[in-house]
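# Structural description and commentary
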Amino acid sequence: MDDTIVAISTPPGHGGIGIIRLSGNGTGGTGGAIAIADTLFVLGSISSKAGKDSNTVAKTVSSLPSHTVTYGHIVDGQDVLDEVLLTLMRAPNSYTRQDVVEINCHGGLIPMRRVLDAVLRCGARLANPGEFTLRAFLNGRIDLAQAEAVCDVITARTQESAAVAMQQLSGGLSQRLTDISERLTEVCAHVEAYIDFPEEDIELSTHQEILEQVHDLRDELTELSGTYDRGRLLREGLSVAIAGRPNVGKSSLLNALVQRDRAIVTASPGTTRDTIEEYINVEGIPVRIIDTAGIRPAPEDPAECEGVDRSIRAIEVADLVLVMLDGTEDVLSDEDISVIGMVTAKMVIAIVNKADKPILLSAQLVRDAFERANLPAIPLITLSAKTGQGINELKQAIFNLTMKSGIDSREGVLITNLRHKTAIDNTIAALIQAIHCLRNATPIEITALELRNALNHIGEITGIVTPNDILNKIFSNFCIGK
């Protein structure tokens, strides 16, 4: 926390602007962000050969007001490194609640690298992944749930997933949990006061009143925990594998879904030898579509054999499997039946393809095959991957199957993070134990202990109670410079 840290905060590559961010107050024997900027930054115009010593402008970065953008140059001795805009944000009104300086350079790799190296020579050190946000959390600007939401905003793939992340970044989840925590604290404090000062004749609420309060808290947390499956889909997306025997149109379906020629399509079976992945947006859900190699038993070609193995692995890890069948054939082949047998433990949509031609495969025959595999009443979509007929119906079926409670289920506070769900479930378990203690006349000290455990588990979400190893794990997933 005493070091001044620096990182390139924009993605690598060529661009109009590249941002180098510094944060640090200059305590602990190191120069702060403002002091380092004073060393390197020259305000206003400067000759490319002049260097800082010959510049007549006396004004320094340390004399600038906070939250201003100033034109100038970064110089290192007599070398002018780049023409820049410098943004100054003084503590505590900054992202990290430390002095923050952002240098807007030209976006090429070389100018940014030259400026970064100069900053490092002045005493800053390279920031670790997520260290700017870690400082924002440790300095009390945001809580841990909000810090995690920063990463979610950056990685969001749809407007809806970004909206959920922004709600958490704005404190929606934190406020909900704070309200629950305050009510639980009142119950806990009342019980502990009775234990600590029995001689003061403090009135202890009846067991029934306490039971009702704890029941209400448990039910509210259970409802919140139940939003995780929907929230996870919006945050992480849905993994959908297209499975089937060779030449039923899997690659054509991928191309139709992404609306471009992403996969090679030929009339020859076995063209696809490896899995191909693309993201699409299905009513706000980021969906990762995986085109797999055609599955058939004992392929002789080693490359095709490896492709089949990868297809099977993709099916195993997918959230949803689209089983494609050739609608121009009036029977299901042994290969079709084999594919159906691989998805018995998965969420499945059956697809009868090639609707642009006469359909000979009966829907009842398809349903009977899936029922024999213990997959009754699955959605059945008839479409043409070639013409796009039925694609919208398929997208709607994907949405309906994964967001069973409909669009309204995305409203309100959602749990999107497994760590948060685990902490909430642990809180619920502790409250259930407290209820058990109250119902069975267990010593009141045990009830107080369970209530305190519940309170601690809630604190793990917002960071009131958080081991260092959890912090390291969370922030290691951030990009450097954020």
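What you see is a predicted model; the values in this text were computed from it and never measured.

## Topic: empty space enclosed by the protein
- Per the stated rule, a full pass over the model turns up one cavity of 30 Å³ or more.
- Of the volumes computed, that of the largest cavity is approximately 60 Å³.
- Asp152, Thr155, Ala156, Ser161, Val164, Ala165, Leu234, Arg235 and Thr416 together form the lining of the largest cavity.
- Those elements that place two or more of their residues in the lining of the largest cavity are helix 4 (144–155), helix 5 (159–169) and helix 8 (228–236).
- With three residues, the single largest contributor to the lining of the largest cavity is helix 5.
- Taken together, the residues of the lining of the largest cavity break down into four nonpolar, three polar and two charged.

## A word on the environment of Ile351
- With respect to the secondary-structure elements, Ile351 resides in strand 12 (residues 347–353).
- Overall, Ile351 belongs to the buried group, its relative accessible area being 0%.
- Apart from the residues within four sequence positions on either side, Ile351 is in contact with Leu253, Leu322, Val323, Met324, Leu325, Ile381, Leu383 and Leu394.

## Quick notes on the UniProt feature "binding site: Mg(2+)" (unreviewed entry) in the protein chain
- Sequence positions flagged by UniProt for "binding site: Mg(2+)" (unreviewed entry) are, in local numbering, Ser251 and Thr272.
- Turning to its location among the elements, Ser251 is positioned in helix 9 (residues 250–258).

## Brief notes about the nonpolar core
- One finds Leu253, Leu322, Ile349 and Leu394 to be the most contacted residues of the largest nonpolar core, which totals 34 residues.
- Mapped by element, the contributors of at least two residues to this core are helix 8, strand 8 (238–243), helix 9, strand 9 (276–282), strand 10 (285–291), strand 11 (320–326), strand 12 and helix 13 (391–402).
- With six residues, helix 13 is the single largest residue contributor to this core.
- Leu322 has contacts with Val240, Ala241, Ile242, Ala243, Leu253, Ile349, Ile351 and Leu394, leaving out every residue within four places of it along the chain.
- Counting 32 residues, the second-largest nonpolar core is a separate cluster that includes Leu221, Ile428, Ala430 and Ala448.

Quick notes on the rules
- Residues numbered from 1 in each chain as written.
- Predicted model: local features only at pLDDT ≥ 70, side-chain atom pairs only at ≥ 80, totals over all residues.
- Heavy atoms only, no water.
- 1 Å grid on protein atoms, 1.4 Å probe; cavity = no way out; pocket = protein on both sides within 12 Å on 5 of 7 lines; lining within 4 Å.
- Points joined across faces, edges and corners; volume = space filled by probe spheres on them.
- Helix = DSSP H or I, 4+ residues; strand = E, 2+ residues; numbered from the N terminus.
- Nonpolar A, V, L, I, M, F, W, Y, C, P; charged D, E, K, R; others polar.
- Buried < 20%, exposed > 50% of the residue type's maximum accessible area, 1.4 Å probe, protein only.
- Contact = heavy atoms within 4.5 Å.
- UniProt positions renumbered as here; feature names shortened; annotations may be inferred.
- Core = buried A, V, L, I, M, F, W, Y, C linked by side-chain atoms within 4.5 Å.

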